[in-house]
Amino acid sequence: MVLIRACAVAVTALAACAAPAAASDVSAVSPVPRDGEKLFTFKDPRITESSGLALSPTRDDVYYTHNDSAAQPEFYAVGPDGRTRATFRLRGAEARDWEAMAATRDPQTGRGVLWFADIGDNLDGAWPDVSIYKVAEPATLADATLPATRYRFRYEGGGRNAEGIMVNPVTGRLYVVSKEFSGSVYEAPKKLRTGRVNVLRKVAAAPIMATDAAYAPDGSSYVIRTYFSATVYKPSGEVLTRVSMPDLEQAESIAYTRDGKALLTGSEGENSPVHKVPIPAAGAPSPTAEPPSPSAGRPEAEGTRAAADAPAASPGLTVRDVLIWLAAAAVAIGFITFLARRTR
């Protein structure tokens, strides 16, 4: 009964807090058609739980994806027709619960860099640490096993479930976005180390139940995806726009197109589609945007953060988000009540 009362209090609090945010969110949602443009469907029968999505930073018309939990530590290079062009496995890696990926360019060499996040934790703290793997983008699109660098992380405030990562292409800073009713953006250290666990520190709020995140190719904006919509932000954390998303079986992934003017989004499931949704003009990054100048921030061992390196995401809540999660909470409370009565 204590658990039931706690759930009821949580639902009431959520309703009270979310109502004004949701009301202000309605007018901000873009008028872009929800379905956008369907680019392709994954045709490979092995791709059943596409959970991460990224556009190749060096090749045209090459998309990378990977499966969710209970899969091998591997990813797929897919062409614009949805057919797999190559399959890659990471040497010495695990795939406990891969939830997200990111793709960037090495500023020194210009080569592509891929990041794979084994950060899923449905028990919100069951794992003492989580891992993110860094691998050089393969030079040839042919099946291969690739060496990967493993970085281990723990959250400053205790374990979290997370499904989003993003890398600022201007600063190279890595961020993890938690998937919670009160989500957060966590910042990795400026210099990642392989010989010890790196600490992720909370730097901003994130939308309710975020399922993925991505930085624009030029670093002028970033996006956080939920099951129902996406919110685009300036690096400072100011909301640029909210974008309606297509109805998908289980919306899991988000990425920017190469020009930064549209978003790519995908779903889990067999033969799942990838859609392209334009970003409204107010939210499109400027191709001439300059990196923000450094400003004073929280002292760190590595030095002071730049403004571009400190996202401060707003909740990004919609009416639909609130109603669906309130309904889910009500069902959960009903189920707990049923069990409680059965076990008296």
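Notes on the structure in this doc start here. Keep in mind the model is a prediction, meaning the values are calculated, not measured.

**What to know about the sheet that holds strand β1 (residues 37–41)**
Each strand in a sheet pairs with its neighbour through backbone hydrogen bonds, running either in the same direction (parallel) or in the opposite one (antiparallel). Spatial ordering of the open sheet is given by β1-β21-β20-β19, a layout of four strands whose pairing is antiparallel. The outermost strands of the open sheet, each flanked by one partner alone, are β1 and β19 (251–256). Pairwise comparison of adjacent strand axes, ignoring direction, gives a mean angle of 25° for this sheet. Bridge analysis of strand β20 (residues 262–267) against strand β21 (residues 273–278) gives five bridges, and the strand direction is antiparallel. Its bridge partner being in β21, A262 is matched across the sheet by P278.

**Focus on the pairing of strand β16 (residues 222–226)**
Of all five residues in β16, five are buried, a share of seventy percent or more. Strand direction decides the pairing type here: strand β15 (residues 210–215) and β16, joined by five bridges, are antiparallel. Across the sheet, Y215 pairs through a bridge with Y222, a residue of β16. Two elements, β16 and strand β17 (residues 229–233), share four bridges in a ladder whose sense is antiparallel. What sits directly across from V223, in β17, is V232. Here β16 hands over to β17 after two residues, the two strands then running antiparallel side by side.

**Let's talk about the pattern of salt bridges**
In this structure the tally under the stated criterion is 10 salt bridges. As a salt-bridge pair, D129 and R152 come within 3.0 Å of each other at their nearest N and O atoms. Within this pair, whereas D129 is found in the loop between β7 (112–118) and β8 (130–136), its partner R152 is found in strand β10 (residues 149–155), the two being separated by 23 residues in sequence. The exposure class of D129 is buried, given its relative accessible area of 13%. Close ionic contact of E163 with K179 constitutes a salt bridge, the shortest N to O distance being 3.0 Å.

Basis of the calculations
- Residues numbered from 1 in each chain as written.
- Predicted model: local features only at pLDDT ≥ 70, side-chain atom pairs only at ≥ 80, totals over all residues.
- Heavy atoms only, no water.
- Pairing = 2+ DSSP bridges.
- Helix = DSSP H or I, 4+ residues; strand = E, 2+ residues; numbered from the N terminus.
- Axes fitted to C-alpha atoms, helices over the stretch in contact; angles between N-to-C directions.
- Buried < 20%, exposed > 50% of the residue type's maximum accessible area, 1.4 Å probe, protein only.
- Salt bridge = Lys/Arg side-chain N within 4 Å of Asp/Glu carboxyl O.

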